[in-house]
Amino acid sequence: MGIIATAGLAKVEALVAIIRDETDARLPAAARFALMAIADEIEASANQIERLERAIVVEAKRDEDMRRLTTIPGVGAITAATIKALVPDPGGFKSARHFAAWLGLTPRSHSSGGKERLGRISKMGNPELRSLLVVGATAVLRVVRNDARARPWLKALLARRPFKVAAVAQANKTARIIWALLNKGGIYRRPDPLALTAVTQ
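Since this is a predicted model, take the numbers as computed values, not measurements.

**Student:** Where do I start with helix α1 (residues 9–20) in this structure?
**Tutor:** One full turn of an α-helix is made of 3.6 residues, so residues set three or four places apart face in the same direction. Between its first and last C-alpha atoms α1 spans 17 Å; for 12 residues at 1.5 Å apiece the expected length is 16 Å, and the two agree. Buried within α1 we find V16, I18 and I19. Along the axis of α1, the buried residues cluster in a sector spanning 155 degrees; they form a single face. Within α1, the exposed residues directed more than 90 degrees away from the buried face are A10 and E13. Of the surrounding elements, those touching the buried residues of α1 are α2 (29–62).

Below, the structure written as structure tokens:
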């Protein structure tokens, strides 16, 4: 029909508005009739997702474990709820590293001639949970770029590694923090960069 829009939810809403506008002559009546059913499905799905998200946020505020998990940077209510649902017994993992490995966030090792090389992440475990952690880590790194108080190791990581590799490394660290909070209690407390600098000096 010659109507072009870029990807993204906001652009879909613009297309739906065109479909709903009966005065827009770009759409023939038959096309508008067919597309109206698709628009109805999109809006119904969007409304249902919004209701589910609100319910998850409410539940995250009620549940003690989920509430503590959301104190970790990059972990929101949906990620916390997914962890709660898919990791019923965090104590079943021997260590934080085992938990991160179960999620597929640790690199595979390749040994040859006495030299150990780390390859790509294993991508074992639940792909949805791993994806949520990587997306959360990506959000954290975007903030770190412009945050003078950011932890030095993150700044250094971004300086020497591609952004996606750094995001996976941050997701790995987040997974380890999650394991620690679930097994040892407490909430996440952001380290003071000045205190860390004083210690390293």
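**Student:** Explain the packing of α2 against helix α4 (residues 77–86) to me, please; I cannot follow it from the model alone.
**Tutor:** For any two helices packed against each other, the geometry comes down to the angle between their axes and how far apart the axes lie. Running from N to C, α2 and α4 cross one another at 70 degrees; their axes reach a closest spacing of 9 Å. In terms of axis orientation, α2 runs roughly perpendicular to α4. For the pair α2 and α4, the contacting residues are E53, I56, V57 and A60 in the first and A77, I78 and A81 in the second. Split by residue class, the contact of α2 with α4 holds six nonpolar, no polar and one charged.

**Student:** What's the story with the environment of T70 in this structure? I'm lost.
**Tutor:** Mapped onto the elements, T70 comes out in the loop between α3 (64–69) and α4. Residue class for T70 comes out partly exposed when judged on its relative accessible area of 33%. If we skip the residues at most four places from it in the chain, T70 touches V75, G76, A77 and A80. Here R67 takes part through its backbone oxygen, which lies 2.7 Å from a polar atom of the side chain of T70.

**Student:** Got a minute to help me understand the pattern of salt bridges in this structure?
**Tutor:** It is possible for side chains bearing opposite charge to pair when their charged atoms get close. Tallying each qualifying case throughout the model produces eight salt bridges. A salt bridge links E50 to R54; the nearest nitrogen and oxygen atoms lie 3.1 Å apart. Of this pair, E50 and R54 both sit in helix α2, four residues apart, which is roughly one turn of the helix. A single salt-bridge network, built from bridges that share partners, covers D63, D65, R68 and K84.

**Student:** Even after reading the chapter, I still don't get the nonpolar core, so can you show me in this structure?
**Tutor:** A general tendency of soluble globular proteins is for nonpolar side chains to be buried together. Ranked by size, the top nonpolar core spans 28 residues in total, and within it L69, I72, F99 and I178 carry the most contacts. Mapped onto this core, the elements with two or more residues apiece are α3, α4, α5 (96–102), α6 (127–144) and α8 (163–184). Beyond its immediate sequence surroundings of up to four residues, I72 is in contact with T174, I177, I178, L181 and Y188. Listed in part, the seven residues of the second largest apolar core include L141, V144, A166 and A167.

**Student:** I keep staring at the layout of surface pockets and nothing clicks. Help me out?
**Tutor:** To locate leftover empty space, one rolls a probe as large as a water molecule over the atoms. A volume near 190 Å³ is recorded for the second largest pocket. If you trace the second largest pocket, you find it lined by L9, V12, E13, V16, I42, E43, S45 and A46. Contributing elements (two or more residues each) for the lining of the second largest pocket: α1 and α2. Looking at side-chain class alone, the lining of the second largest pocket contains five nonpolar, one polar and two charged residues.

**Student:** Hey, could you run me through the packing of α4 against α6 in this one?
**Tutor:** Where α4 meets α6, the closest approach of the two axes is 10 Å, and the angle between their N-to-C directions is 150 degrees. One element, α4, and the other, α6, form an angle in the roughly antiparallel class. Considering the relative orientation of α4 and α6, their crossing is left-handed. Residues I78, T79, T82, I83 and L86 of α4 form the contact with α6, whose participating residues are L129, L132 and L133. Looking at side-chain class alone, the contact of α4 with α6 contains six nonpolar, two polar and no charged residues.

**Student:** I'm lost on the packing of aromatic side chains in this one. Help?
**Tutor:** What characterises a pair of aromatic rings is the spacing of the ring centres plus the angle enclosed by the ring planes. Scanning the entire structure with this criterion turns up three aromatic pairs. Where F93 meets F99, the ring centres are 5.2 Å apart and the plane angle is 65 degrees; that geometry is what we call edge-to-face. In terms of burial, F93 and F99 fall into one category: buried. Between F99 and W102 the ring centres are 6.1 Å apart and the planes differ by 20 degrees, which places this aromatic pair in the stacked class. With F99 and W102 both in helix α5, this residue pair falls three residues apart, about one helical turn.

About the thresholds
- Residues numbered from 1 in each chain as written.
- Predicted model: local features only at pLDDT ≥ 70, side-chain atom pairs only at ≥ 80, totals over all residues.
- Heavy atoms only, no water.
- Helix = DSSP H or I, 4+ residues; strand = E, 2+ residues; numbered from the N terminus.
- Expected span 1.5 Å × (residues − 1).
- Buried < 20%, exposed > 50% of the residue type's maximum accessible area, 1.4 Å probe, protein only.
- Arc of directions from axis to C-beta.
- Contact = heavy atoms within 4.5 Å.
- Axes fitted to C-alpha atoms, helices over the stretch in contact; angles between N-to-C directions.
- Parallel < 35°, antiparallel > 145°, perpendicular 65-115°, else oblique.
- Nonpolar A, V, L, I, M, F, W, Y, C, P; charged D, E, K, R; others polar.
- Polar contact = N/O pair within 3.5 Å; in protein donor to acceptor, adjacent residues only side chain to side chain.
- Salt bridge = Lys/Arg side-chain N within 4 Å of Asp/Glu carboxyl O.
- Core = buried A, V, L, I, M, F, W, Y, C linked by side-chain atoms within 4.5 Å.
- 1 Å grid on protein atoms, 1.4 Å probe; cavity = no way out; pocket = protein on both sides within 12 Å on 5 of 7 lines; lining within 4 Å.
- Points joined across faces, edges and corners; volume = space filled by probe spheres on them.
- Left-handed = near helix turned anticlockwise from the far one by under 90°.
- Phe/Tyr/Trp six-rings, centres within 6.5 Å; stacked < 30°, edge-to-face > 60°.

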